[in-house]
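# Observations on the three-dimensional arrangement
This is what each chain is made of:
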Amino acid sequence: KDGVTGMKLENYPKSFSTLLMNQVSVIELTTVAILEQSKDVALQALLADPVVDNVGAAEKLLDTILDLQSPYLDYLQ
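A brief structural summary.

### With respect to the overall build of the chain
In terms of regular secondary structure, the chain is built from four helices and zero strands. A compact globule built from 77 residues should have a C-alpha radius of gyration of about 11 Å, whereas the chain, at 15 Å, is more than 25% larger. A principal-axis box enclosing the C-alpha atoms of the chain has dimensions of 45 × 35 × 20 Å. By residue count, 18% of the 77 residues in the chain fall in the buried class. Residue pairs at least 24 apart in sequence account for 31% of intrachain contacts in the chain once pairs closer than 6 positions are excluded. Surface accessibility of the chain: about 6,200 Å² in total, with carbon and sulfur atoms responsible for 57%. Each charge class in the chain was averaged separately, 5 positive and 11 negative side chains, and the resulting centres sit 9 Å apart.

### Brief notes about the packing of helix H1 (residues 14–36) against helix H2 (residues 39–48)
When two helices pack together, you describe them by how their axes are tilted relative to each other and by the distance separating the axes. Direction vectors running N to C along H1 and H2 enclose 170°, while the axes themselves pass 8 Å from each other. On the basis of the axis angle, H1 is roughly antiparallel to H2. Along the contact surface, H1 presents Asn22, Val26, Leu29, Thr30, Val32, Ala33 and Glu36, while H2 presents Val41, Ala42, Gln44, Ala45 and Ala48. Considering only residue class, the contact of H1 with H2 consists of eight nonpolar, three polar and one charged.

### Let's talk about the nonpolar core
Residues Ala33, Val41, Ala42, Leu43, Leu46, Ala58, Leu62, Leu66, Leu73 and Leu76 constitute the largest nonpolar core, which totals ten residues. Element by element, the count of residues in this core is highest for H2, at four residues. Leaving out residues up to four positions away in the same chain, Ala42 has contacts with Ala33, Leu62 and Leu76.

### Quick notes on the packing of aromatic side chains
This structure, assessed with the given rule, holds one aromatic pair. Taken together, a centroid distance of 5.7 Å and an interplanar angle of 80° make the contact between Tyr12 and Phe16 edge-to-face. Residue Phe16 is classed as partly exposed on the basis of its relative accessible area of 35%.

### Considerations on the pattern of salt bridges
Counted under the stated rule, the structure contains two salt bridges. Across the salt bridge formed by Lys39 and Asp63, the nearest N and O atoms sit 2.8 Å from each other. Of the two residues, Lys39 is situated in helix H2 and Asp63 in helix H3 (residues 55–68); the sequence distance between them amounts to 24 residues. Residue classification places Asp63 among the partly exposed positions, given a relative accessible area of 39%.

Parameters at a glance
- Residues numbered from 1 in each chain as written.
- Predicted model: local features only at pLDDT ≥ 70, side-chain atom pairs only at ≥ 80, totals over all residues.
- Heavy atoms only, no water.
- Helix = DSSP H or I, 4+ residues; strand = E, 2+ residues; numbered from the N terminus.
- Rg over C-alpha atoms; globule rule 2.2 N^0.38 Å.
- Buried < 20%, exposed > 50% of the residue type's maximum accessible area, 1.4 Å probe, protein only.
- Contact = heavy atoms within 4.5 Å.
- Areas by Shrake-Rupley, 256 points an atom, 1.4 Å probe, with all protein chains shown as cover.
- Lys, Arg positive; Asp, Glu negative; His and termini not counted.
- Charge placed at Lys NZ, Arg CZ, Asp CG, Glu CD.
- Axes fitted to C-alpha atoms, helices over the stretch in contact; angles between N-to-C directions.
- Parallel < 35°, antiparallel > 145°, perpendicular 65-115°, else oblique.
- Nonpolar A, V, L, I, M, F, W, Y, C, P; charged D, E, K, R; others polar.
- Core = buried A, V, L, I, M, F, W, Y, C linked by side-chain atoms within 4.5 Å.
- Phe/Tyr/Trp six-rings, centres within 6.5 Å; stacked < 30°, edge-to-face > 60°.
- Salt bridge = Lys/Arg side-chain N within 4 Å of Asp/Glu carboxyl O.

On their own, these measurements won't tell you what the molecule is for.
In structure tokens form, the structure reads like this:
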């Protein structure tokens, strides 16, 4: 009911910070894709995620997501 609130983390490893910053970048690209209604930027967001290692698979995944969620994501078509 109070919305999203931050949580302060102290004394965590630098490697964890790197992972967090990477995820922030993915979320920022996803936000840009929504605001610009851009399928290309949505693909870039997928490709920025370190677990995605294949462009062709990412394109197919995005097409599947857009197909299954078309009532909500038609603006990215």
